[in-house]
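A structural walkthrough
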Amino acid sequence: SLLPLAVPSSLCAPMAPSAAPADTSHAENLAEEFARTQSSTDRFVKKLVGGIRKRMETIVTDRGTAIRERGDRLKEFTSRKREELQELRAEMEDTVRRETELIRSFVKDEQRRLRESIERRRQHLRELRTRPSVVKTYDKISFTGGIICLMLTELIFVKYPERMHQWYMLWSAVLLPLRLVLYTRVKYQYFLLDFCYFMQVYLLSFLVFVHSQPDSAWHFKTLFVASNGPLLMAVPLWKNQLVFHSIDKVTSVFIHIMPPLVTFCIRWFPTEYN
């Protein structure tokens, strides 16, 4: 706030109406009074201007101090944030470095395992190429035996259809127990509950016990339909392969092919079968 303006009372008093000066002394008195009033007014104006100047200097100083303090706080905040960003950047660089090392280590381990696996496969192939001739002899014997059994099956089917069920029972006594032993060894025994093995048991029971019973006709019809239907269609569906040196594949072909052949011979050559 500005300083109060003190005006001399002499200035506020009403002026007397002008009159002709009576004498020279009265004019001098008026001049002195005017000079005193002028001097008092100058002092008041100087004091007022000085007060205003000091007040403005104080305001400017305070504002400058506040601005400097705010600038200092801003600099401090900026410096602190810069340090935090640098720490975060260092942490991110460390994290990226660690992750990169882990990835490189994982890739190296995978490459090493892959090389070891490839080397094992190469070693296995080399062993297969350099395996003793007894294995090749076994393959030759198994292939020759398989061809002979296949030709005997064709001979019996064409020339002696009445013996087809005996040929089937002979090989069932060999292959089915062997399948049970091998599957039990590798814990595959529950696969023997399949429909195919049920048909083997059903056909063997029919050939041994049921065929001579009076009601054996409907049993044979069931066997014929099941053997020449789903059991025979399983050959292309399961992609059975006749590989003579693999007892597992030979057995799979046997359990799917032989029941249709046996029921076919019984159906179309009933006189010879009886």
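Quick notes on the rules
- Residues numbered from 1 in each chain as written.
- Predicted model: local features only at pLDDT ≥ 70, side-chain atom pairs only at ≥ 80, totals over all residues.
- Heavy atoms only, no water.
- Helix = DSSP H or I, 4+ residues; strand = E, 2+ residues; numbered from the N terminus.
- Areas by Shrake-Rupley, 256 points an atom, 1.4 Å probe, with all protein chains shown as cover.
- Expected span 1.5 Å × (residues − 1).
- Bend = angle between axes of the 7 residues up to and from the residue.
- Buried < 20%, exposed > 50% of the residue type's maximum accessible area, 1.4 Å probe, protein only.
- Salt bridge = Lys/Arg side-chain N within 4 Å of Asp/Glu carboxyl O.
- Polar contact = N/O pair within 3.5 Å; in protein donor to acceptor, adjacent residues only side chain to side chain.
- Phe/Tyr/Trp six-rings, centres within 6.5 Å; stacked < 30°, edge-to-face > 60°.
- Core = buried A, V, L, I, M, F, W, Y, C linked by side-chain atoms within 4.5 Å.
- Contact = heavy atoms within 4.5 Å.
- Patch = residues over 30% accessible without salt bridge, like charges linked within 9 Å, V, L, I, M, F, W, Y side chains within 5 Å.
- Axes fitted to C-alpha atoms, helices over the stretch in contact; angles between N-to-C directions.
- Left-handed = near helix turned anticlockwise from the far one by under 90°.
- Nonpolar A, V, L, I, M, F, W, Y, C, P; charged D, E, K, R; others polar.
- pLDDT = per-residue confidence, 0-100.

**A short note on the overall build of the protein chain**
- The helix and strand tally for the protein chain stands at eight helices and zero strands.
- Reading the helices (α) and strands (β) of the protein chain from amino to carboxyl end gives α-α-α-α-α-α-α-α.
- For the protein chain, the exposed surface amounts to about 21,500 Å²; the carbon and sulfur share of it is 63%.

**A closer look at helix α6 (residues 216–237)**
- Look at α6: 31 Å from first C-alpha to last across 22 residues, which is about the 32 Å you get at 1.5 Å a residue.
- Residue S227 marks the point of greatest curvature in α6, where the axis turns by about 30°; the proline P230 follows within four residues.
- Listed in full, the buried residues belonging to α6 are S216, H219, F220, L223, A226, S227, L231, A234 and V235.
- The positive-phi residue at the C-terminal boundary of α6 is K239, with phi of around 55°.

**What to know about the pattern of salt bridges**
- Throughout the structure, instances matching the rule amount to eight salt bridges.
- Where R112 meets E116, a salt bridge forms, and the shortest distance between an N and an O atom there is 3.2 Å. Placement of both R112 and E116 in helix α2 (residues 24–129) is noted, with a separation of four residues, approximately one turn of the helix.
- The class of R112 is partly exposed, set by a relative accessible area of 36%.
- Here E116 falls in the partly exposed class, since its relative accessible area comes to 36%.

**Some points on the environment of T100**
- Mapped onto the elements of the fold, T100 is located in helix α2.
- Polar side-chain contacts of T100 include one of 2.6 Å to the backbone oxygen of V96.

**Digging into the packing of aromatic side chains**
- Applying the stated criterion across every chain yields a total of 10 aromatic pairs.
- Where Y188 meets F191, the ring centres are 5.4 Å apart and the plane angle is 80°; that geometry is what we call edge-to-face.
- Residue class for Y188 comes out partly exposed when judged on its relative accessible area of 42%.
- Each ring, one from F198 and one from Y202, has its centre 6.0 Å from the other, and the planes form 35°; the classification is tilted. Of this pair, F198 and Y202 both sit in helix α5 (residues 195–208), four residues apart, which is roughly one turn of that helix.
- Residue classification places Y202 among the buried residues on the basis of a relative accessible area of 19%.

**Comments concerning the nonpolar core**
- Formed by 26 residues in total, the largest nonpolar core has its most connected members in Y168, L207 and V262.
- Secondary-structure elements contributing two or more residues to this core are α4 (164–185), α5, α6 and α7 (247–268).
- Per-element tally for this core: the top contributor is α5, with seven residues.
- Excluding residues within four positions of it along the chain, V262 makes contact with M164, H165, Y168, L203 and L207.

**Quick look at unusual backbone geometry**
- Of note, the phi angle at K187 is positive, near 60°, even though the residue is not glycine.
- If you trace the backbone, K187 turns up in the loop between α4 and α5.
- Not every positive phi belongs to a glycine, and K239 is a case in point at roughly 55°.
- Here K239 is to be found in the loop between α6 and α7.

**Some thoughts on a nonpolar patch on the surface**
- Together, I148, L152, L155 and Y160 line one region of the surface with nonpolar side chains, adding up to about 360 Å² of accessible area.
- With respect to the helices, strands and loops of the structure, L152 is situated in helix α3 (residues 133–159).

**Considering the packing of α5 against α6**
- Look at α5 against α6: their axes get within 11 Å of each other, and the N-to-C directions meet at 150°. At the point where α5 passes α6, the crossing takes the left-handed sense. Residues F195, C196, M199, Q200, Y202, L203 and F206 of α5 form the contact with α6, whose participating residues are S216, H219, F220, T222, L223, A226, S227, P230 and L231.
- Class assignment of the residues belonging to the contact of α5 with α6 gives a composition of 11 nonpolar, five polar and no charged.

**Description of the confidence of the model for the protein chain**
- Summary statistics for the protein chain give a mean pLDDT of 85 and a share of 88% for residues scoring 70 or more.
- Overall, residues 1–21 carries pLDDT values under 50, and its contacts beyond four positions in sequence, including any with other chains, amount to 14 contacts.

**Some details on the side chain of S172**
- Structurally, S172 is set in helix α4.
- Look at S172 and you get buried, because its relative accessible area is 4%.
- In this structure, S172 is in contact with P177, L204 and F254, ignoring residues within four places of it in sequence.

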